[in-house]
Amino acid sequence: MSGGGLEPHLAGGRLTIDLSALAENYRFLAARSAPAEAAAVVKADAYGIGIRPAARALWTAGCRRFFVALPHEGVALREAVPDSEIFVLNGLFGTEAAAVHREARLIPVLGSQSDLSIWEAHGWDSEDPRPCVIHVDTGMNRLGLTYERARALVEENALTGALTPILVMSHLACAGTPDDPMNARQLSGFQAVRMLFPGVPASLCNSAGIFLGGDFLCDLTRPGIALYGGAAADGPNPMKPVVTAETRVAQVRYARAGETVSYAATPLMRDTIIAVASTGYADGYHRSASSAAVPLRKLGQPGASGFLHGREVPLLGRVTMDLTMFDVTDLGADAVAVGDHIELFGPNMPIDRMADAAGTISYEVLTSLGQRYHREYIEADAKSGQDRSKR
Ligand SMILES: *Cc1c(COP(=O)(O)O)cnc(C)c1O
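Residues numbered from 1 in each chain as written. Predicted model: local features only at pLDDT ≥ 70, side-chain atom pairs only at ≥ 80, totals over all residues. Heavy atoms only, no water.

Asker: How would you explain the overall build of the protein if you had to name every residue and give the values?
Answerer: Counting secondary structure elements, the protein contains eleven helices and 20 strands. What you see for the protein is a C-alpha radius of gyration of 23 Å, in line with the 21 Å of a compact globule of 391 residues. Here the protein, with 391 residues, has 52% of them falling under the buried criterion. When contacts within the protein are restricted to residue pairs at least 6 apart in sequence, long-range pairs at least 24 apart make up 66% of them. Working note: accessible area of the protein is about 17,100 Å², and carbon and sulfur atoms make up 52% of it. (Helix = DSSP H or I, 4+ residues; strand = E, 2+ residues; numbered from the N terminus. Rg over C-alpha atoms; globule rule 2.2 N^0.38 Å. Buried < 20%, exposed > 50% of the residue type's maximum accessible area, 1.4 Å probe, protein only. Contact = heavy atoms within 4.5 Å. Areas by Shrake-Rupley, 256 points an atom, 1.4 Å probe, with all protein chains shown as cover.)

If you want it as structure tokens, here you go:
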């Protein structure tokens with residue numbers, strides 16, 4: 001299915017988004033979460049892949065509960081998966097936000113006194129008054145009530161019955177590092193929180209938390225990045241790649257040793273065949289991935305590489321706004337043509353490797369992709385890759 005973005009023959013690159021891999025990743029994480037249920041985190045346009053197609057594929061794979069960051073994301077999601085339960089992580093900014101929650105029947109995650117007051121006054125009622133998630137902080141100092149505030153809330157609410165907590169949650173700070181003692185500290189803090197809310201389901205794990213397993217799993221998990229193929233923790237990544245990003249070759253050039261390439265004039269060490277590709281940092285191909293002339297390279301790590309015709313092709317010099325140069329010398333003069341596509345990340349170039357070369361994480365690479373790609377979706381019911389529509 002052609003999924004929008006720019007027309008393929010006019011776009012500088014293409015994103016192929018494999019919804020069958022997304023569904024497979026969901027089922028894998030759901031199995032790893034058992035006996036807990038797995039929700040799906042689809043904030044930031046489902047980590048850049050498109051919230052509507054992602055949510056529909058996840059729903060078909062069995063997902064019934066979704067987390068977004070902001071209410072407008074919840075409204076878009078409500079259209080895509082009308083019968084789902086939708087939680088909004090960032091809390092309530094004011095009464096206007098509460099009204100949007102009411103209309104789309106979104107459930108807010110309440111993590112401050114102001115959130116609690118707004119929802120008590122302006123929440124919607126299901127069978128029970130003003131359903132909500134209570135977020136209690138156990139070490140992030142980002143969102144969430146303190147333990148003491150949560151205890152006071154429970155006492156007040158026993159009298160007023162103003163709120164109906166349907167889930168209590170917290171968020172792990174170091175789950176990607178399994179032996180960090182912070183994990184155990186947060187778990188024991190959260191277990192104390194759960195005692196305040198007897199009978200209310202609990203949620204602690206993001207993707208990395210699921211791999212901690214055991215008591216961390218609680219009743220509901222909240223995977224994000226692993227659904228989209230990113231590595232949640234160090235070591236081998238069991239997830240299927242979901243996004244393939246490719247850039248189109250705009251020119252092939254020949255340059256002599258000693259000539260220079262790109263901004264800041266990085267010298268070429270040998271006679272070089274250069275593929276000039278029509279994707280740059282404006283498309284989320286981070287400037288910090290450059291092979292030279294950016295601060296990260298002073299640390300001595302290499303820059304990013306693409307993948308073309310079965311080989312890695314290293315980036316040359318600085319990534320520019322709309323264009324990036326690759327060294328295709330080793331492929332030979334006749335092997336590369338205008339219009340060829342160089343994989344920036346995908347099945348042959350793991351997204352975490354590309355992100356690492358840019359000094360960042362797969363989350364940021366995915367959510368930076370932007371609007372200048374052609375987007376093609378492989379449907380969840382199509383046999384992996386075979387039925388991909390070509391145009
Ligand atoms: C983004 C987010 C998640 C998902 O985290 P991943 O690391 O992408 O799995 C889960 N819970 C909360 C509160 C989040 O903000």
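So much for the structure itself; the text now carries on.
Asker: Tell me about the packing of helix 3 (residues 51-60) against helix 4 (residues 71-80), and name the residues and values.
Answerer: Between helix 3 and helix 4, whose axes approach to 9 Å, the crossing angle comes to 50°. What the angle tells us is that helix 3 and helix 4 run oblique. Note on packing geometry: the crossing formed by helix 3 with helix 4 is right-handed. Counted together, Ile 51, Arg 52, Ala 55 and Arg 56 of helix 3 and Glu 73, Ala 76, Leu 77, Glu 79 and Ala 80 of helix 4 form the full contact between these two elements. (Axes fitted to C-alpha atoms, helices over the stretch in contact; angles between N-to-C directions. Parallel < 35°, antiparallel > 145°, perpendicular 65-115°, else oblique. Left-handed = near helix turned anticlockwise from the far one by under 90°.)

Asker: Tell me about the domain arrangement of the protein, and please be specific about residues and values.
Answerer: For the protein, the assigned domains are domain 1 (35-228) and domain 2 (243-378). Centre-to-centre separation of domain 1 and domain 2, based on C-alpha positions: 38 Å. At the junction of the two partners, domain 1 supplies eight residues and domain 2 supplies seven residues. The junction of domain 1 with domain 2 conceals about 710 Å² of combined surface from both sides, 65% of it contributed by carbon and sulfur atoms. Summed over the three residues of domain 1 that lose the most area to domain 2, namely Tyr 47, Ile 49 and Ile 225, the buried surface amounts to 59% of that side. (Domains from an automatic or database assignment. Buried area = accessible area lost by both parts, 1.4 Å probe.)

Asker: A description of the environment of Phe 345 should follow, citing residues and the corresponding values.
Answerer: Tracing the chain through its elements places Phe 345 in strand 19 (residues 341-345). Taking the relative accessible area as the measure of exposure, Phe 345 reaches 2% and is therefore buried. It is 9.8 Å that separates the C-alpha atoms of Phe 345 and Ala 304, two residues lying 41 residues apart in sequence. When neighbours within four sequence positions are excluded, Phe 345 is seen to be in contact with Val 243, Thr 244, Ala 245, Pro 350, Ile 351, Met 354, Val 365, Leu 366 and Leu 369.

Asker: Got a sec to walk through the sheet that holds strand 9 (residues 164-169)? Specific residues and values, please.
Answerer: Ordered by their spatial adjacency, seven strands build an open sheet running 4-5-6-7-8-9-10, and the pairing between neighbours is parallel. Each edge of the sheet is formed by a strand with only one pairing partner; in this case those strands are strand 4 (40-41) and strand 10 (202-203). Pairing of strand 8 (residues 131-135) with strand 9 involves five bridges; the strand directions are parallel. Paired with Pro 131 across the strands is Thr 164, a residue of strand 9. In the packing of helix 6 (residues 113-122) onto the sheet, contacts are made with strand 7 (107-110) and strand 8, and the angle to strand 7 comes to roughly 150°. (Pairing = 2+ DSSP bridges.)

Asker: Go over the layout of surface pockets with me, naming the residues and quoting the values.
Answerer: If you add up the space inside the largest pocket, you get close to 600 Å³. Along the walls of the largest pocket sit 27 residues, with Lys 43, Tyr 47, Arg 142, His 171 and Tyr 363 positioned nearest its centre. Tallied by class, the residues present in the lining of the largest pocket amount to 15 nonpolar, eight polar and four charged. For the lining of the largest pocket, the two domains that each supply at least three residues are domain 1 (35-228) and domain 2 (243-378). If you trace the second largest pocket, you find 14 residues lining it, with Ala 231, Ala 233, Asp 234, Asp 352 and Ile 361 closest to the centre. Those elements that place two or more of their residues in the lining of the second largest pocket are helix 10 (351-357) and helix 11 (362-367). If you tally residues by element for the lining of the second largest pocket, the top one is helix 10, at three residues. When its residues are assigned to classes, the lining of the second largest pocket shows six nonpolar, five polar and three charged. (1 Å grid on protein atoms, 1.4 Å probe; cavity = no way out; pocket = protein on both sides within 12 Å on 5 of 7 lines; lining within 4 Å. Points joined across faces, edges and corners; volume = space filled by probe spheres on them. Nonpolar A, V, L, I, M, F, W, Y, C, P; charged D, E, K, R; others polar.)

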